[in-house]
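For reference, the chains in residue letters:
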Amino acid sequence: MTQRSSAQLFLHLASFLLELSHAKLFESKAAKAARLALEQARLENERLSKLYVVFGRWEFDKTGFYTVVSVTVVILTVVGIQCGIWWRRRKEGVSTSFSSKDAVVNVVIVGPLLPKSGMGWFHATQFLELSSVRVRAVVETQYSNNLHRTPASFVDLIKALFDMGIECVDSVHKLKDVLYPNNNGQRPKQIPLLCVISGKTEDNPRYFRECINLGATHIYLEPPGAPSSKQLKDMASIAELRDVYVYMGYQKLCASYVEDAVNFSRSVPASHVFFCHNEGYSTKDIHRVVTRQPEGMMLSMACQELAVLFSQYNISYRDVQKFKVNTNRLFSEKVTFVNVNYNDGDERFSDLIRVAFKITTKRGKIVSVMADRCGGLLSFAVVKSHRGEELKRFQSLMEEQVMEYERRLKEEKGLIPNFVVEKDDYLELKRRVLDDIRSNNGTKKSEKGLLTIQDGIEVVMLAEYCAGEIDKVLVSEEL
């Protein structure tokens, strides 16, 4: 026998003796079954040692367990924040709705009060006309500290407001002691407060925060609300955290001709709607309009029509497939003004005098908008068929009204045309806001011509998109 064969024989013998030592070679079936059961139990114990068992029912490995724990913590945190807001509101005894449709709403107005031209003045005069409203105070920062240098009409207005028991201050911060003198500057329980913010667009974010700190439960925010969508998002976050409800003041949604045009367009398959928004400024006044509204036409004027597109036709900047500007100067014109005495400096301002554009959405919906600062007092909407045929025209005013308003504007120098032409739309919007505050019945706001601040963010984002597209094709002319 060779040496190699001897080695192999030795290995087989060793293996035989090893199996024999473990009693596996001649192991009975019962013993083998018991051994396998013990082995299976050992493996199961090792598996269970690596698992997390929740409530004795659910098993998770390490990764799954920590994922579930993380998600649960996030959910509980959000619920905790909402419960905290609810408890705070309950503890203060404040509700964002009223139990009575006749409940009095306390109102504070923040904005320019100069008669005939101040947005704050216009809002104040309208709220004073409404029943079940108590105007508690007005905030005016432009003239309040210099009454001896202000127009006589402003001084007379302040005196009249004082006679009516309405406080006039130059800062929102001063209102705590004025409104709540016997309550340590805190809003009493069960007294909701509506703050109407209509200052310069660039100042409104600051007024917004001050009004929330004052204790506002509701805010009426003049569009666009802020110079940018980013700032408006920040404001919306603060309002949500403090449980303050914010209405956007898009009065065009309450205009009867707009409502009629929208309703008719919905009855026409594949209709094309054209909205034309005109204002009655003369060419010589344009530089003052532009400097007063540095945020630009799209945010200060055409945003009204964009609010209609968003709320009634569900059009956002994300839906736009094609954007076309009518570059004919009769329809679109951009100008630059120099030396307009803005902040005593040599400033340059560029903006649109008029613009016309057409939007085609990814769903195939076609809408057109034209805005003209010098287009006159009459605005209108046209509903067309899918072939472009005019089916029906809806006008904001009758011819008799146009002549009457033109006469009044000539007689009352300095009166802002919109305060005459759109006064009924503004008044109707205020009524709807007050009714919604009192009832808070959960009806979808856009169905009532009301937009929230979240809706306002979408409108501003659409306006910013349109402004960017317009700037690509229109060149400014210096005047």
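Remember, it's a predicted structure, so these values are computed and weren't measured experimentally.

How each quantity is defined
Residues numbered from 1 in each chain as written. Predicted model: local features only at pLDDT ≥ 70, side-chain atom pairs only at ≥ 80, totals over all residues. Heavy atoms only, no water. Helix = DSSP H or I, 4+ residues; strand = E, 2+ residues; numbered from the N terminus. Buried < 20%, exposed > 50% of the residue type's maximum accessible area, 1.4 Å probe, protein only. Contact = heavy atoms within 4.5 Å. Areas by Shrake-Rupley, 256 points an atom, 1.4 Å probe, with all protein chains shown as cover. Pairing = 2+ DSSP bridges. Axes fitted to C-alpha atoms, helices over the stretch in contact; angles between N-to-C directions. Phe/Tyr/Trp six-rings, centres within 6.5 Å; stacked < 30°, edge-to-face > 60°. Lys NZ or Arg CZ within 6 Å of the ring centre and 35° of its normal. Parallel < 35°, antiparallel > 145°, perpendicular 65-115°, else oblique. Nonpolar A, V, L, I, M, F, W, Y, C, P; charged D, E, K, R; others polar. Right-handed = clockwise from strand over helix to strand, strands pointing away. Core = buried A, V, L, I, M, F, W, Y, C linked by side-chain atoms within 4.5 Å. Polar contact = N/O pair within 3.5 Å; in protein donor to acceptor, adjacent residues only side chain to side chain. Salt bridge = Lys/Arg side-chain N within 4 Å of Asp/Glu carboxyl O. Disulfide = S-S within 2.5 Å.

### Things to note about the overall build of the protein chain
Now for step 1: Helix and strand counts for the protein chain stand at 16 helices and 17 strands.
Now for step 2: Buried residues in the protein chain amount to 46% of all 479 residues.
Now for step 3: Of all intrachain contacts in the protein chain linking residues separated by at least 6 positions in sequence, the fraction that spans at least 24 positions is 72%.
Now for step 4: For the protein chain, the accessible area works out to roughly 26,000 Å², and carbon and sulfur atoms hold 53% of it.

### Some thoughts on the sheet that holds strand β6 (residues 193-197)
Now for step 1: What the 7 strands build is an open sheet, ordered β5-β4-β3-β6-β7-β8-β16; its pairing is mixed. Of all the strands in the sheet, the pair left with one neighbour each is β5 (167-169) and β16 (451-452).
Now for step 2: For strand β3 (residues 105-110) and β6, the ladder comprises 5 bridges, and the chain directions are parallel. Residue pairing in the sheet places Val110 in a bridge with Ile197 of β6.
Now for step 3: Strand contacts of helix α7 (residues 204-214): β3, β6, β7 (218-221) and β8 (245-248), with the helix running at about 170° to β6, the strand carrying the most contacts.

### Comments concerning the environment of Ser198
Now for step 1: Looking at where Ser198 falls in the secondary structure, it is placed in the loop between β6 and α7.
Now for step 2: The exposure class assigned to Ser198 is buried, which follows from its relative accessible area of 3%.
Now for step 3: In this structure, Ser198 is in contact with Val110, Gly111, Pro112, Met119, Gly120, His123, Asn204 and Glu222, ignoring residues within four places of it in sequence.

### As for the packing of aromatic side chains
Now for step 1: According to the stated counting rule, one finds 8 aromatic pairs in the structure shown.
Now for step 2: Arranged with centres 6.0 Å apart and planes meeting at 70°, the rings of Phe274 and Phe380 form a pair that is edge-to-face. Taken as a pair, Phe274 in strand β9 (residues 272-278) and Phe380 in strand β14 (residues 380-384) lie far apart in primary sequence, 106 residues in all. Summarising the burial analysis for this pair, Phe274 and Phe380 share the class buried.
Now for step 3: The ring of Phe380 carries Arg393 above its face, with NZ or CZ at 4.6 Å from the centroid.

### Regarding the packing of α7 against helix α8 (residues 229-241)
When two helices pack together, their arrangement is given by the angle between the helix axes and by the axis-to-axis distance.
Now for step 1: Two elements in contact, α7 and α8, have axes whose closest approach is 11 Å; the angle formed by their N-to-C orientations is 5°. Viewed along their axes, α7 and α8 adopt a mutual orientation that is roughly parallel. Across the interface between the two elements, Asn204, Pro205, Phe208, Arg209 and Ile212 from α7 touch Gln231, Asp234, Met235, Ile238 and Ala239 from α8.
Now for step 2: Here the contact of α7 with α8 is composed, by residue class, of 6 nonpolar, 2 polar and 2 charged.

### What to know about the pairing of β6
Now for step 1: Taken across its 5 residues, β6 has 5 buried, putting it largely inside the fold.
Now for step 2: Burial along β6 is two-sided: Leu193, Cys195 and Ile197 and Leu194 and Val196, pointing in opposite directions, are all buried.
Now for step 3: Pairing of β6 with β7, which is carried by 4 bridges, proceeds in the parallel orientation. Paired with Cys195 across the two strands is Ile219, which belongs to β7.
Now for step 4: Chirality of the crossover, the property in question, places the unit of β6, α7 and β7 among those that are right-handed.

### Re the environment of Lys284
Now for step 1: Examined against the element boundaries, Lys284 turns out to sit in the loop between β9 and α10 (286-292).
Now for step 2: Between the alpha carbons of Lys284 and Cys374 there is a distance of 9.9 Å; along the sequence they are 90 residues apart.

### Description of the nonpolar core
Now for step 1: Counting residues in hydrophobic clusters, the biggest one holds 74 residues, and the most contacted among them are Phe208, Ile219, Met298 and Phe357.
Now for step 2: For this core, the element with the most residues is helix α16 (residues 453-473), which contributes 9 residues.
Now for step 3: Aside from chain neighbours lying at most four places away, what touches Phe357 is Met298, Leu306, Phe323, Lys324, Val325, Val367, Ser368, Val369, Cys466 and Ile470.
Now for step 4: Judged by nonpolar contacts, the second largest core, of 50 residues, contains Leu194, Val196, Ile286 and Tyr405.

### Re the side chain of Glu295
Now for step 1: Locating Glu295 in the fold gives a position in the loop between α10 and α11 (297-300).
Now for step 2: A distance of 3.0 Å separates the side chain of Glu295 from the side chain of Thr201, its partner in a polar contact.
Now for step 3: Residues within four places of Glu295 in sequence aside, it is in contact with Thr201, Pro224 and Ser300.

### Section: the pairing of strand β4 (residues 133-139)
Now for step 1: Counting buried positions along β4 yields 6 of 7 residues, so the element is predominantly enclosed.
Now for step 2: By the bridge criterion, 6 bridges tie β3 to β4 in an arrangement that is parallel. Bridge pairing in β4 links Ile109 to Val138.
Now for step 3: What joins β3 to β4 is helix α4 (residues 119-129), and the crossover it makes is right-handed.
Now for step 4: For β4 and β5, the ladder comprises 3 bridges, and the chain directions are parallel. Residue Val139 lies in a different strand from β5, and its bridge partner there is Val169.

### Things to note about the pattern of salt bridges
Now for step 1: With the rule as written, the count across this model stands at 20 salt bridges.
Now for step 2: The shortest N-O distance in the salt bridge between Lys230 and Asp234 comes to 3.7 Å. Taken as a pair, Lys230 and Asp234 lie in helix α8 at a separation of 4 residues, close to a single helical turn.
Now for step 3: Residues joined in a network through salt bridges with shared partners are Glu259, Glu428, Arg431 and Arg432.

### Here we look at the state of the cysteines
Now for step 1: Counted by the stated rule, this structure contains 0 disulfides.
Now for step 2: With no disulfide of its own, Cys211 lies closest to Cys195 among cysteine sulfurs, the gap being 3.8 Å.

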